[in-house]
Amino acid sequence: QVQLVESGGGLVQPGGSLRLSCAASGSIFIINAMGWYRQGPGKERELVAAITRGGRTTLTDSVKGRFTISGDNAKNTVYLQMNSLEPEDTAVYYCYADRAPYGTRSWGQGIQVTVSS
């Protein structure tokens, strides 16, 4: 089992920045990849960013150039740096971790990000 705890959300004005953190504990030695999904009001959950244990990253097109995903293996933590935030980024952000050998997925509890003036 892997437990995930997210932090860093909140209310920010358009154009502002936030950094989300996701700390993993438990059976972390079998984590292959981690990342973030989000679900905005009235929208389906969508993949935002992902990072593999080897450091390969993926970003959805709508956040490229504004968001960065990174990982700290020593701290078992993944970060999502969000810059130039827009109202459309308002959503609950969910951290996930995929575990070997079958890619079983664990989820965090979700954290609210609100972009509003």
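The text that follows walks through the structure, step by step, so that each part is easy to find. Note that the structure is a prediction, hence the values are computed from the model and not measured.

**Considering the pattern of salt bridges**
Here is step 1 of the chain: What the rule picks out here adds up to 6 salt bridges.
Here is step 2 of the chain: Between R66 and D89 there is a salt bridge, and its shortest N-O distance comes to 2.7 Å. Remark: D89 occurs in the loop between β8 (77–82) and β9 (91–99) and R66 occurs in the loop between β6 (57–59) and β7 (67–72); sequence separation between them is 23 residues.
Here is step 3 of the chain: Residue D89 is classed as buried on the basis of its relative accessible area, which comes to 1%.
Here is step 4 of the chain: Across the salt bridge formed by R105 and D98, the nearest N and O atoms sit 2.7 Å from each other.
Here is step 5 of the chain: Note on R105: relative accessible area 33%, which makes it partly exposed.
Here is step 6 of the chain: Salt bridges linked by common partners bring R38, E46, R66, E86 and D89 together as one network.

**Describing the nonpolar core**
Here is step 1 of the chain: Among the nonpolar cores identified, the biggest contains 27 residues, and M34, W36, L80, M82 and Y93 are the most heavily contacted of them.
Here is step 2 of the chain: Secondary structure elements with two or more residues in this core: β1 (2–7), β3 (18–26), β4 (31–39), β5 (46–52), β7, β8, β9 and β11 (111–115).
Here is step 3 of the chain: Not counting the four nearest positions on each side in its chain, M34 is found in contact with L4, C22, A24, A50, I51, I69, V78, C95, Y96 and A97.

**Section: the packing of aromatic side chains**
Here is step 1 of the chain: Scanning the model with the defined rule gives 3 aromatic pairs in all.
Here is step 2 of the chain: Pairing Y37 with W107 gives two aromatic rings, centres 5.3 Å apart and planes at 65°, and the pair type is edge-to-face. Here Y37, found in strand β4, pairs with W107, found in strand β10 (residues 104–107); they are 70 residues apart in sequence, far enough to count as distant.
Here is step 3 of the chain: Of the residues examined, Y37 reaches a relative accessible area of 18% and is grouped as buried.
Here is step 4 of the chain: Between Y96 and W107 the ring centres are 5.9 Å apart and the planes differ by 50°, which places this aromatic pair in the tilted class. Here Y96 is found in strand β9, whereas its partner W107 is found in strand β10, with 11 residues between them in sequence.

**Observations regarding the layout of surface pockets**
Here is step 1 of the chain: Estimated volume of the largest pocket: approximately 240 Å³.
Here is step 2 of the chain: Lining the largest pocket are 16 residues, and of these M34, T52, R53, N73 and V78 sit closest to its centre.
Here is step 3 of the chain: Considering every element that reaches the lining of the largest pocket, the biggest residue donor is β4, with 4 residues.
Here is step 4 of the chain: Considering only residue class, the lining of the largest pocket consists of 7 nonpolar, 7 polar and 2 charged.

**Quick word on the sheet that holds β1**
Here is step 1 of the chain: Reading across the sheet, the 4 strands line up as β1-β3-β8-β7 and stay open at both edges, with antiparallel pairing between neighbours. This sheet does not close on itself; its edge strands, each paired only once, are β1 and β7. The mean angle between the axes of side-by-side strands here comes to 15°, regardless of whether they run parallel or antiparallel.
Here is step 2 of the chain: Note: β3 against β8, 6 bridges, orientation antiparallel. When the bridges of β8 are listed, C22 appears paired with V78.

Definitions and limits used
Residues numbered from 1 in each chain as written. Predicted model: local features only at pLDDT ≥ 70, side-chain atom pairs only at ≥ 80, totals over all residues. Heavy atoms only, no water. Salt bridge = Lys/Arg side-chain N within 4 Å of Asp/Glu carboxyl O. Helix = DSSP H or I, 4+ residues; strand = E, 2+ residues; numbered from the N terminus. Buried < 20%, exposed > 50% of the residue type's maximum accessible area, 1.4 Å probe, protein only. Core = buried A, V, L, I, M, F, W, Y, C linked by side-chain atoms within 4.5 Å. Contact = heavy atoms within 4.5 Å. Phe/Tyr/Trp six-rings, centres within 6.5 Å; stacked < 30°, edge-to-face > 60°. 1 Å grid on protein atoms, 1.4 Å probe; cavity = no way out; pocket = protein on both sides within 12 Å on 5 of 7 lines; lining within 4 Å. Points joined across faces, edges and corners; volume = space filled by probe spheres on them. Nonpolar A, V, L, I, M, F, W, Y, C, P; charged D, E, K, R; others polar. Pairing = 2+ DSSP bridges. Axes fitted to C-alpha atoms, helices over the stretch in contact; angles between N-to-C directions.

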